[in-house]
Amino acid sequence: MIVGLSNPKKQYHKTRHNVGSWYIYSLAKHYFSILKEEKRFFGFTSCLNIESNSIRLLIPNIFMNINGYSVYKMASFYNISLDQILIIHDDLDLEPGIIKYKYSYGHSGHNGLRNIIKEFKTKVNFYRLRIGIGRPNNKKEISSFVLSIPNFREINLIKKSISDAIKENFTLLNFI
């Protein structure tokens, strides 16, 4: 299962906090797959068949700090454990245009990851793809920063890094 963390699409799709969903939309488009709203999972879903592997896609359409509820609902339904899920999310510690793959436990202060760990009630390593969004100069501005729209240059850097990662099957080859 691959999950792109996000806030509700209507209000927040273009914001930094939703770059995880940008990745999933690009991935689905690359594989000619259509994401459909599935209310029982509180988000948008699809399924890809890559190298004989059936991979579920999910973009939660609920607030970031409760994304874990959506992820857990879908994972439970399909009997998928946390260590079989690749979670794509924004990362303040990486500059726009930088993507890093990680397999570890912890949330590094990210509320979406924190809620996923809470919902699964387990301490296991899991796969993450961190997409850089940069960091504001003032720590007090983090909330408004992640909920704001990146500037033109940042959008281009982020979209190019997502496109390059998908074209090179960077995440999928590491994850499958």
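Residues numbered from 1 in each chain as written. Predicted model: local features only at pLDDT ≥ 70, side-chain atom pairs only at ≥ 80, totals over all residues. Heavy atoms only, no water.

A. Here's a closer look at the packing of aromatic side chains. Summed over all chains, the structure comprises eight aromatic pairs. Ring geometry for Y72 against F120: centres 5.1 Å apart, planes inclined by 85°, an arrangement best described as edge-to-face. Of this pair, Y72 sits in helix α3 (residues 67-77) while F120 is found in helix α4 (residues 111-120), placing the two residues 48 residues apart along the sequence. Here Y72 falls in the partly exposed class, since its relative accessible area comes to 34%. For F120, a relative accessible area of 12% translates into the label buried. One aromatic cluster in this structure is built from F41, F77 and Y78. Across from the ring centre of W22, 6.0 Å away, lies the NZ or CZ of K159, which sits over that ring. (Phe/Tyr/Trp six-rings, centres within 6.5 Å; stacked < 30°, edge-to-face > 60°. Helix = DSSP H or I, 4+ residues; strand = E, 2+ residues; numbered from the N terminus. Buried < 20%, exposed > 50% of the residue type's maximum accessible area, 1.4 Å probe, protein only. Lys NZ or Arg CZ within 6 Å of the ring centre and 35° of its normal.)

B. Spatial organisation of the sheet that holds strand β5 (residues 86-91). Read from one edge to the other, the open sheet built from seven strands follows the order β2-β3-β4-β1-β5-β7-β6, with strand pairing classed as mixed. In the strand order of this sheet, the two ends are held by β2 (36-38) and β6 (99-104), each with one partner. Strand after strand, the sheet turns through a mean of 30° between neighbouring axes, direction not considered. Along the sheet face, helix α2 (residues 19-30) touches β1 (2-4), β3 (43-50), β4 (53-60), β5 and β7 (126-132) and points at about 140° away from the line of β4. (Pairing = 2+ DSSP bridges. Axes fitted to C-alpha atoms, helices over the stretch in contact; angles between N-to-C directions. Contact = heavy atoms within 4.5 Å.)

C. Summary view of the side chain of H89. Along the chain, the position of H89 falls in strand β5. Other than its neighbours up to four places away in sequence, H89 contacts L5, V19, G20, H110, L113, R128, L129, R130 and I131.

D. View of the nonpolar core. Counting 27 residues, the largest nonpolar core has I2, Y23, I24, L57, I88, I131 and I162 as the members making the most contacts within it. Where this core is concerned, the elements lending two or more residues are α2, β3, β4, β5, β7, α5 (142-146) and α6 (152-167). A per-element tally of this core places α2 first, with six residues. Leaving out residues up to four positions away in the same chain, I131 has contacts with V19, Y23, I88, H89, D90, D91, I98, I99, I158 and I162. Core analysis: the next-biggest nonpolar cluster, separate from the first, contains 18 residues, F41, M64, L113 and F126 among them. (Core = buried A, V, L, I, M, F, W, Y, C linked by side-chain atoms within 4.5 Å.)

E. View of the confidence of the model for the chain. Confidence in the prediction of the chain, expressed as mean pLDDT, is 93, and 96% of residues score 70 or more. Per-residue pLDDT, averaged within each element of the chain, yields its smallest value for helix α7 (residues 170-175) (58) and its largest for α3 (98). (pLDDT = per-residue confidence, 0-100.)

F. Main features of the side chain of E154. You can see E154 is positioned in helix α6. For E154, the residues in contact, after removing those within four places along its chain, are R16 and P96.

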